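What the coordinates show
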Amino acid sequence: MKQKRIFSLALAAALALSLTACQSGGGESSSQDSPAAGVAVQVQEVTVDTISTENKVSGRVVTDGQESVFVAAQTQCTALFVEVGDSVTAGQTLCTLDMASTLSSYSAASISYNSAVQSYQDQAAIFDKQIALAEKNVSDLQALFEIGAASQLEVDQAELSLQSAQAQRTATLAQLEAGMQSYKSNVEQLSAVLENVDSQGNVIAPISGTIIALNAAEGSYVTPSAPVAVIDGVDQLEVSVSVSEALVPKLAEGDEVDVSISALGKQLVGSIKKIENTASMQTKLYNVTISILEDVEGLMSGMFADVSFRTDTSADTIVIPTEAILTSNGAQYVFVVDGIVEGRGTARYAAIGTGLTGSGVTEVTSGLGAGDMLVTVGQAYLSDGDAVRIVTGED
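Throughout what follows, the structure given in this document is the object of discussion.

What counts and what doesn't
Residues numbered from 1 in each chain as written. Predicted model: local features only at pLDDT ≥ 70, side-chain atom pairs only at ≥ 80, totals over all residues. Heavy atoms only, no water. Helix = DSSP H or I, 4+ residues; strand = E, 2+ residues; numbered from the N terminus. Buried < 20%, exposed > 50% of the residue type's maximum accessible area, 1.4 Å probe, protein only. Contact = heavy atoms within 4.5 Å. Areas by Shrake-Rupley, 256 points an atom, 1.4 Å probe, with all protein chains shown as cover. Pairing = 2+ DSSP bridges. Expected span 1.5 Å × (residues − 1). Phe/Tyr/Trp six-rings, centres within 6.5 Å; stacked < 30°, edge-to-face > 60°. Lys NZ or Arg CZ within 6 Å of the ring centre and 35° of its normal.

1. What about the overall build of the chain?
- The secondary structure content of the chain amounts to three helices and 22 strands.
- Within the span of the chain, comprising 395 residues, buried residues form 32% of the whole.
- Across the chain, every contact between residues at least 6 apart in sequence was considered, and the portion connecting residues at least 24 apart equals 73%.
- Accessible surface for the chain amounts to roughly 23400 Å². Of this, 50% is attributable to carbon and sulfur atoms.

2. Overview of the pairing of strand β2 (residues 47–63)
- Summarising the sheet, β2 and strand β15 (residues 304–321) pair through 12 bridges and their orientation is antiparallel. Residue pairing in the sheet places valine 48 in a bridge with isoleucine 318 of β15.
- Where β2 and strand β11 (residues 237–243) come together, five bridges link them in antiparallel fashion. Among the inter-strand pairings, threonine 63 is bridged to a residue of β11, identified as leucine 237.

3. Some words on helix α3 (residues 152–193)
- With 42 residues, α3 extends 62 Å from end C-alpha to end C-alpha; this agrees with the ideal 62 Å at 1.5 Å per step.
- Looking only at α3, the buried set comprises Val155, Ala158, Leu162, Ala165, Leu173, Met180, Val187, Leu190 and Val193.

4. Comments concerning the packing of aromatic side chains
- For the structure on display, the rule yields three aromatic pairs.
- Here the aromatic rings of tyrosine 333 and phenylalanine 335 are separated by 5.9 Å at their centres, their planes lie at 85 degrees, and the arrangement is edge-to-face.
- By relative accessible area, which is 16% here, tyrosine 333 ends up buried.
- Judged by relative accessible area, phenylalanine 335 falls into the buried class, the value being 3%.
- Of the aromatic side chains, those joined through ring pairs into one cluster are Tyr333, Phe335 and Tyr349.
- Over the face of the ring belonging to phenylalanine 304 we find arginine 60, whose NZ or CZ atom lies 4.0 Å from the ring centre.

Take a look at the structure:
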């Protein structure tokens, strides 16, 4: 009986020793097989930059064609410098017209308009000072009335004087503005007459090309009904696009644009040459012509082109990759990594406000600061407070 009990104790000890060994061995295997702690992410430092909204519109490559040079006046040609068949360059003098009277009228109209503008501004400034003083007088009397140092009659009289000054300002400035608009109309009409004429009465070629028609002769008269000259433009390629009424007020001649020609796989820089003032009756869109600022091998009329207009610029603002932004229930947020030590840190949820977008980036108006370490890859797998390990694209 005693021997049987000793045997049982020995067996129990052996089993305990075996279990301990197994557990020890299993722990070592678990340690070897477990992945590195933390969610793998890629990050980049948040910086301040400039961003512009991009509006992409599709169009076609076209040639600039012919240009008819009109002068909206009947006047005598006093000198002729070209003949049919001559090659001319943009800005070259074609002929000289007797435009002394028109130029004098334009100068006088410009002076009158500028004087009217200055008079309007001066008178507005005087009225503004008078009204400011009247408003102060009313305020002071109301304060005195509250302490019994002024009568209600004095307050009423001050308010009446203020209303009178305001009414006089409105009436006088309306009259001055009417005169100013009349002078402006005169300037615009004379500007149209002188559209292709310089201050010396010289008719200037608007484009380069070849003279294919000429209706001016020395000593004869030119009329508004026929062009002074017709120029067959140099075969220069342009891009024609149509834009909406919402976009056209944001554009200006001379603005640089990005042009993409998919058939050639090329990105070009263009400049707005012309913006039509009237929308198409059929499409209700405004035509915009883009000049290509470089010679492009293989570029042909008829090719499709995508034009990106840059508008609504914000400078010195936080700009981040758009793909880093997550959305949930209409709210936008990102993750940043705090407390980075030896490539490891803690993920932090950051709700953000956004502004302009363009070229794969977005403006952040709130929620981030320069120097924050933004998660750009792996953010979809994170929760606030998660441990993370920072990797590169090569890991």
